[in-house]
Amino acid sequence: MEGRIHSLETFAAGIDGPGCRYVVFLKGCNMRCRFCHNPDTWALEGGDTYTPEVLFERAYRYKNYWTRRDKVKGDVLNGGITVSGGEPLLQIEFVTEFFKLAKEKGIHTALDTSANPFTREEPFFSKFNELMKYTDLIMLDIKNIDPVGHKQLTGCENDNILDCARYMDELGKEMWIRHVLVSPDEARKDDLSFSDRDEQLNALADFVKTLKHVSKIEVLPYHTLGISKWENLGIPYALENIDPPTRERIDNANRILNEAMGRNIAEAADDRTAKGGSSDGRSC
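Draft legend 1. Quick look at the layout of surface pockets. Of the voids in this model, the largest pocket is the one considered here, and its volume is about 750 Å³. When contributions to the lining of the largest pocket are tallied by element, the ones reaching two or more residues are β7 (108-113), β9 (174-181) and β10 (214-221). Ranked by residue count, the leading element in the lining of the largest pocket is β10, at three residues. Taken together, the residues of the lining of the largest pocket sort by class into 12 nonpolar, 10 polar and eight charged.

Written as C-alpha cells, this is what we have:
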C-alpha cells in the first residue's frame with residue numbers, strides 16, 4: 001500500500017494540532033473552495049509515494065520534538081503527528097495504517113479533514129470506524145454552515161459533513177472546529193458563500209452547541225497567500241479583490257463562536273463529572 005504525499009512539514013507548532021507536530025499533507029480533494037491556498041493538492045495524481053512504514057519511520061525521527069520536560073513526570077508527550085491535505089479521507093486506508101503505527105508507539109494522532117467523503121454507507125463507513133480507533137483528535141473544517149453558501153463556496157453539499165460531526169460526537173471523539181472567515185465586499189454582500197455575516201456565525205454557533213466533544217474552535221481569517229498558485233495552475237481566482245477580514249470582524253467571529261464553545265465545554269465537563277470522570281480531561 002502506498003499513499004500519495006503532497007508535502008511534509010517536520011516542525012509545526014500551534015496551528016496543526018496540540019504541541020509540536022509532524023504534518024503530512026496528502027494529495028487529492030473533491031471540493032473546490034474559492035479561498036483554497038493549496039489548489040495544487042486537488043489532483044489525486046502526482047506527488048511523492050510512501051508506504052505507511054517508510055513514512056512513519058521518517059516521521060518518528062522527530063519524536064524528540066513531541067515531548068517536553070516535566071520536573072515531576074519527566075518527559076511528557078506534547079505533540080505528535082497530523083495528517084492533512086488535500087482531503088486525507090480520500091486515502092483512508094493509507095491514513096489508517098499510518099496512524100496504527102503511530103499508536104503502537106504511543107504517539108498522538110490528529111486528522112485535519114473537511115469530511116467531504118464521509119457517508120454512513122458501506123464500504124466507507126466501516127473504513128472510517130477503523131480509522132477512528134487510531135485517531136485521537138479530529139480537526140474538522142466547516143467551510144460554511146449555510147447549505148446554499150457551502151455549495152457556492154466549495155461546489156459540494158455540506159449535509160454529510162455536519163452528519164460526520166454529529167457521528168464523531170456520538171463516538172465521544174475530541175474535535176476542534178475550524179472555520180475560515182471570509183468577508184464580502186459591497187458588490188457581493190448578498191453572496192452566501194461569504195461566511196462573515198452574523199446570521200451565519202450564529203447558525204454555526206448553534207450547531208456547535210449541539211456537540212459535546214468540541215474542545216476548541218478556531219477562526220481562520222481568509223488570506224491571499226495562495227493566489228500565485230492559482231495563477232501558476234491557470235485557474236481563475238474567484239475571490240479576486242477580496243480583502244482579509246478586519247480585526248473587528250475577526251474579534252466578532254471569535255466572540256460569537258467562543259460563547260458557544262464556553263457553553264459546550266461546561267456541558268461536557270458536567271457529563272464527565274456525572275460519569276465519575278475528570279472534569280478537565282483532554283486527550284492531549
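Draft legend 2. Looking closely at the confidence of the model for the protein chain. Residues with a pLDDT of 70 or more make up 89% of the protein chain, whose mean pLDDT is 90. Residue range residues 275-284 is modelled with pLDDT below 50. Its contacts to residues more than four positions away, or to other chains, number 15 contacts.

Draft legend 3. Representation of the side chain of Asn 158 in the model. One can find Asn 158 in the loop between α4 (147-154) and α5 (159-171). You can call Asn 158 buried: its relative accessible area is 5%. Beyond its immediate chain neighbours, meaning those up to four positions away, Asn 158 contacts Asn 144, Ile 145, Asp 146, Pro 147 and His 150.

Draft legend 4. A look at the nonpolar core. With 73 residues, the main nonpolar core has Ile 81, Phe 99, Phe 128 and Leu 140 as its most contacted residues. For Ile 81, the contacting residues outside a window of four places in its chain are Arg 21, Tyr 22, Phe 56, Ala 59, Trp 66, Phe 98, Phe 99, Ala 102, Ile 107, His 108, Thr 109 and Ala 110.

Draft legend 5. Examining the environment of Leu 257 more closely. With respect to the element layout, Leu 257 can be found in helix α8 (residues 247-274). The exposure class assigned to Leu 257 is buried, which follows from its relative accessible area of 0%. As for Leu 257 and Leu 204, which are separated by 53 residues in sequence, their C-alpha atoms are 7.5 Å apart. Contact partners of Leu 257, with chain neighbours within four places excluded, come to Leu 201, Leu 204, Ala 205, Ile 217 and Val 219.

Draft legend 6. Examining the packing of helix α3 (residues 124-132) against α5 more closely. One can describe the packing of α3 onto α5 by two numbers: an axis separation of 12 Å at closest approach and a directional angle of 50°. Taken together, the axes of α3 and α5 are oblique relative to one another. Of the two elements, α3 crosses α5, and the hand of that crossing is right-handed. From α3, Phe 125, Phe 128, Asn 129 and Met 132 reach across to α5, where they touch Cys 164, Tyr 167, Met 168 and Leu 171.

Draft legend 7. Region of interest: the environment of Leu 220. Mapped onto the elements of the fold, Leu 220 is located in strand β10. By relative accessible area, Leu 220 is classed as partly exposed at 27%. Sequence separation between Leu 220 and His 179 is 41 residues; the distance between their C-alpha atoms is 5.8 Å. Apart from the residues within four sequence positions on either side, Leu 220 is in contact with Arg 178, His 179, Val 180 and Leu 181.

Draft legend 8. Summary view of the environment of Thr 135. With respect to the helices, strands and loops of the structure, Thr 135 is situated in the loop between α3 and β8 (137-141). On the basis of relative accessible area, Thr 135 is assigned to the buried category, the value being 2%. C-alpha separation for the pair Thr 135 and Lys 100, spaced 35 residues apart in sequence, amounts to 8.7 Å. For Thr 135, the contacting residues outside a window of four places in its chain are Phe 99, Thr 109, Leu 111 and Lys 173.

Draft legend 9. Molecular detail of the packing of aromatic side chains. Inspection of every chain in the model, using the stated rule, returns 16 aromatic pairs. Judged by centre distance (5.3 Å) and plane angle (75°), the rings of Phe 11 and Tyr 65 are edge-to-face. Here Tyr 65 lies in the loop between α1 (52-60) and β4 (67-70) and Phe 11 lies in strand β1 (residues 3-13), a separation of 54 residues in the sequence. On the accessibility criterion, Tyr 65 (45% relative accessible area) is partly exposed. Where Tyr 22 meets Tyr 62, the ring centres are 5.5 Å apart and the plane angle is 40°; that geometry is what we call tilted. Separated by 40 residues along the polypeptide, Tyr 22 in strand β2 (residues 20-26) and Tyr 62 in the loop between α1 and β4 bring together distant segments of the chain. Owing to a relative accessible area of 0%, Tyr 22 belongs among the buried residues under this scheme. With relative accessibility at 26%, the residue Tyr 62 sits in the partly exposed group.

Cut-offs used in this document
- Residues numbered from 1 in each chain as written.
- Predicted model: local features only at pLDDT ≥ 70, side-chain atom pairs only at ≥ 80, totals over all residues.
- Heavy atoms only, no water.
- 1 Å grid on protein atoms, 1.4 Å probe; cavity = no way out; pocket = protein on both sides within 12 Å on 5 of 7 lines; lining within 4 Å.
- Points joined across faces, edges and corners; volume = space filled by probe spheres on them.
- Helix = DSSP H or I, 4+ residues; strand = E, 2+ residues; numbered from the N terminus.
- Nonpolar A, V, L, I, M, F, W, Y, C, P; charged D, E, K, R; others polar.
- pLDDT = per-residue confidence, 0-100.
- Contact = heavy atoms within 4.5 Å.
- Buried < 20%, exposed > 50% of the residue type's maximum accessible area, 1.4 Å probe, protein only.
- Core = buried A, V, L, I, M, F, W, Y, C linked by side-chain atoms within 4.5 Å.
- Axes fitted to C-alpha atoms, helices over the stretch in contact; angles between N-to-C directions.
- Parallel < 35°, antiparallel > 145°, perpendicular 65-115°, else oblique.
- Left-handed = near helix turned anticlockwise from the far one by under 90°.
- Phe/Tyr/Trp six-rings, centres within 6.5 Å; stacked < 30°, edge-to-face > 60°.

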